[in-house]
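Here are the chains, one letter per residue:
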Amino acid sequence: MESMSITEARRVALRAQSLDRGRPDGPVTMRRLTGAVDRLNLLQIDSVNVLARAHLVPLYSRLGPYDTGLLERAAGRAPRRLVETWAHVASYVPTSTYPLLEWRRRAYQREAWGSIAAVPQAHPHELELVRSLVTELGPVTGSRIHDELERAGRTAPRSRLEWGWNWTTAKRCLEYLFFTGEVMSARRNSAFERCYDLPERVLPPALRHAPGISDDDAIRRLLELGARAHGVGTARCFRDYFRLRGPRAQRALADLVDDGTLVPVDINGWGEPTYRHRDAVLPRRATGSALLSPFDPLVWERRRLEALFDVFYRIEIYVPAHRRRLGYYVLPFLQGEQITAMVDLKADRPAGVLRVTAAHRTPHADGVTPAALAAELRLLADWLGLAEVAVVPTGDLSADLAADLSAQADGQLAEGRPAVVTAAGG
C-alpha cells in the first residue's frame, strides 16, 4: 500500500480542485469557464445571497474576476453546456453528467424528501394541471404557475407566511416534476426564479437521443467523478460528492479499486480506508490564494476539511447569533497550503460596501501577514461592484486587516491611482 503524509494529501486535494496555483492570466472565456466546471463536475445552487449566489463564487475562487453572464449563457441558452438537476443537492452540472443521474430521477420515492415524493398521491389533479401549463406556457416561472392554479381554484392564495420550505401546491408540484426530470430549468430570471420547460425544449439534441446508461454504470461513473474531483480521500468523501449511498455505491467502490482507478493509500493520522485516484497529481508545492464559499467543493465535507487542514469550520446561518463562533456567512481563506483565516462577509449593495463583519485567524496563521487577505478582499469587492471594504472590529484579525487595507489604499493614492477600496471601522 502506498503511504502519504497529510501535507502530500493536502497538495493532491488542492491540485484536484485547481486551487494549488495562482489564477490564470488573461480573460476568462467560455471555454475556460466550462473547463473549470468540468473539472469540478458541479456547482451547488443555494438561495443565500448575502455575498453572491453560491454557484458563482467557486469559479471566482479559481478563475478570478469573470463575467457571470458567461455562466448564465452556458446554462440558459442553446446549446446549453450546463443544466440544473439534483446532484450534490440542487446543482448545475455539465450536460454530459445529466444522463448519469437518471437513476435518481426514477428513484424519486427513495431519493427525494417526503413532501416531494408524496406529490402524486397528495396533489394528483394539480400535478396534471401543472404538467399541461408547463407544456403550454414554458419557459414559465413558479409564480406564474401558482397564479394559474389559483385562477382555476386549485390552490389557496399565497400568504406572506410562506417562506423557506413552506411551499405552495404549485411549488411542490414543480419541484416533484423537476426532481423526476419531467420538467427542467430553461434559465433563471432576474429574480433568480427558475423558468420551467419541457426537457425536449432544454436539452441538446445529442443528449435527448443518447442511449441509456445502466444504474450500476452510472453510479460507478459518478463515484469516479467524485474521486477525481477530490484526488484523494475516503469512500465517504467520494460518495458525498454526488450524495451516493447504499449497496450499489459500495459495489462501485470495489469495482474501481479492482480495476485500478482507485489506489489504496495509507495517510498518517487517518483512521479509515483511503484512496487516491490513479490520475491524481502531487504538486511539489501549493502557492494559490483564494476565499472559499461555504458551498465550495473543497469545504463541503467538513470532516474531510478538518482532517486535511486541521481547521474547524461549520456554516452558521441557522445558528442563533449569540451562539455563532465565527459569523453568519464565513469564508475560509486559503493561502498556499494552509487555511489561515476565517472571514464573515456581507455585500452591502445599497451602500456599495463589502463588509467584513468578523475576521479570525486560524491556528495556521503564524508568520502570515494579512496583506494577502486584504488584497483578495479588494479584488472580490471590485468583482462584486463594491467601492469599499469596511472592517468591523470583531475577531483577532480585524485590526491588522483594516490596517493593511488602509495601507494598500494609501499606496494607490501615492502612485497617483484612485483608491477605490478603503478600510473603515477598524
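Residues numbered from 1 in each chain as written. Predicted model: local features only at pLDDT ≥ 70, side-chain atom pairs only at ≥ 80, totals over all residues. Heavy atoms only, no water.

**With respect to the sheet that holds strand S5 (residues 140-141)**
And then number 1: Ordered by their spatial adjacency, three strands build an open sheet running S5-S7-S6, and the pairing between neighbours is antiparallel. Edge positions in the sheet fall to S5 and strand S6 (184-188), since each of these pairs with one other strand and no more.
And then number 2: Note that S5 and strand S7 (residues 194-197) share two bridges and pair antiparallel. Considered in S7, the bridge of Thr 141 is made with Cys 195.
And then number 3: Sitting on the sheet, helix H11 (residues 169-180) touches S6 and S7, and the angle it makes with S7 is about 65°. (Pairing = 2+ DSSP bridges. Helix = DSSP H or I, 4+ residues; strand = E, 2+ residues; numbered from the N terminus. Contact = heavy atoms within 4.5 Å. Axes fitted to C-alpha atoms, helices over the stretch in contact; angles between N-to-C directions.)

**Description of the sheet that holds strand S15 (residues 388-391)**
And then number 1: With mixed pairing, the five strands of this open sheet are ordered in space as S11-S12-S13-S14-S15. Here the strands that pair on one side only, and so sit at the sheet edges, are strand S11 (289-291) and S15. Strand-to-strand, the axes of this sheet are offset by a mean angle of 30°, without reference to chain direction.
And then number 2: Relative to strand S13 (residues 338-348), strand S12 (residues 330-335) is paired through six bridges, and the arrangement is antiparallel. Bridge assignment links Leu 334 to a residue of S13, and that residue is Ile 339.
And then number 3: Packing against the sheet, helix H17 (residues 371-383) makes contact with S11, S12, S13, strand S14 (353-361) and S15, and its axis sits at approximately 55° to S11.

**Some points on unusual backbone geometry**
Across residues other than glycine, the phi torsion is negative in most instances, and most of the peptide bonds are trans.
And then number 1: Between Ala 78 and the following residue, Pro 79, the backbone shows a cis peptide bond with an omega angle of -5°.
And then number 2: Position of Pro 79 relative to the elements: it lies in the loop between helix H4 (69-76) and strand S3 (82-86).
And then number 3: Here the bond from Gly 138 into Pro 139 is cis, since omega is -5°, no more than 30 degrees from zero.
And then number 4: Assignment of secondary structure puts Pro 139 in the loop between helix H9 (124-137) and S5.
And then number 5: A positive phi angle, close to 60°, is found at Ser 18, a residue other than glycine.
And then number 6: Relative to the helices and strands, Ser 18 is located in the loop between helix H1 (6-16) and helix H2 (30-40).
And then number 7: Given the relative accessible area of 30%, Ser 18 is considered partly exposed.
And then number 8: Residues other than glycine seldom take positive phi values, yet Asp 310 does so here, at roughly 55°.
And then number 9: The topology assignment puts Asp 310 in the loop between helix H16 (302-309) and S12. (Buried < 20%, exposed > 50% of the residue type's maximum accessible area, 1.4 Å probe, protein only.)

**Side note on the pattern of salt bridges**
And then number 1: The tally for this structure, following the rule as stated, stands at 34 salt bridges.
And then number 2: Across the pair Glu 148 and Arg 151 runs a salt bridge, and its minimum N-O distance is 3.0 Å. Here Glu 148 and its partner Arg 151 are both found in helix H10 (residues 142-151), three residues apart, which amounts to about one turn of the helix.
And then number 3: On the basis of relative accessible area, Glu 148 is assigned to the buried category, the value being 19%.
And then number 4: Note that Asp 400 is salt-bridged to Arg 361, the shortest N-O span being 2.6 Å. Separated by 39 residues along the polypeptide, Asp 400 in helix H18 (residues 398-414) and Arg 361 in strand S14 bring together distant segments of the chain.
And then number 5: According to the relative accessible area criterion, Asp 400 is partly exposed, its value standing at 36%.
And then number 6: Using a relative accessible area of 29% as the deciding quantity, one classes Arg 361 as partly exposed.
And then number 7: Connected via shared salt-bridge partners are Glu 102, Arg 105, Arg 106, Asp 215, Asp 216, Arg 248 and Arg 251. (Salt bridge = Lys/Arg side-chain N within 4 Å of Asp/Glu carboxyl O.)

**So, the packing of aromatic side chains**
And then number 1: Counting across every chain of the model gives eight aromatic pairs.
And then number 2: Here Tyr 108 and Tyr 176 contribute two aromatic rings whose centre-to-centre distance is 5.1 Å and whose plane-to-plane angle is 85°, an arrangement assigned as edge-to-face. Of this pair, Tyr 108 sits in helix H6 (residues 108-111) while Tyr 176 sits in helix H11, and the two are 68 residues apart along the sequence. Residues Tyr 108 and Tyr 176 agree in their burial class; the two are buried.
And then number 3: Taking 4.9 Å as the distance between ring centres and 65° as the angle between the ring planes, the aromatic pair formed by Tyr 241 and Trp 300 counts as edge-to-face. Of the two residues, Tyr 241 sits in helix H14 (residues 235-241) while Trp 300 sits in the loop between S11 and H16, which places them 59 residues apart along the sequence. Neither residue differs from the other here; Tyr 241 and Trp 300 are each classed as buried.
And then number 4: Members of the aromatic cluster, each reached through a chain of ring pairs, are Tyr 60, Tyr 66 and Trp 383.
And then number 5: For the cation-ring pair, Arg 105 lies above Tyr 98, with the distance from its terminal atom to the ring centre recorded as 3.7 Å.
And then number 6: Positioned over the ring face of Phe 178 is Arg 194, at 3.8 Å from the centre of the ring. (Phe/Tyr/Trp six-rings, centres within 6.5 Å; stacked < 30°, edge-to-face > 60°. Lys NZ or Arg CZ within 6 Å of the ring centre and 35° of its normal.)

**Here's the deal with the packing of helix H13 (residues 215-230) against helix H15 (residues 247-258)**
And then number 1: Direction vectors running N to C along H13 and H15 enclose 65°, while the axes themselves pass 9 Å from each other. As the angle between them shows, H13 and H15 are arranged roughly perpendicular. In this structure, H13 meets H15 at a crossing whose hand is right-handed. Across the interface between the two elements, Asp 215, Asp 216, Ile 219, Arg 220, Leu 223 and Glu 224 from H13 touch Arg 248, Ala 249, Arg 251, Ala 252, Leu 253, Asp 255 and Leu 256 from H15.
And then number 2: Taken together, the residues of the contact of H13 with H15 sort by class into six nonpolar, no polar and seven charged. (Parallel < 35°, antiparallel > 145°, perpendicular 65-115°, else oblique. Left-handed = near helix turned anticlockwise from the far one by under 90°. Nonpolar A, V, L, I, M, F, W, Y, C, P; charged D, E, K, R; others polar.)

Without other data, these values stay purely geometric and don't point to any function.
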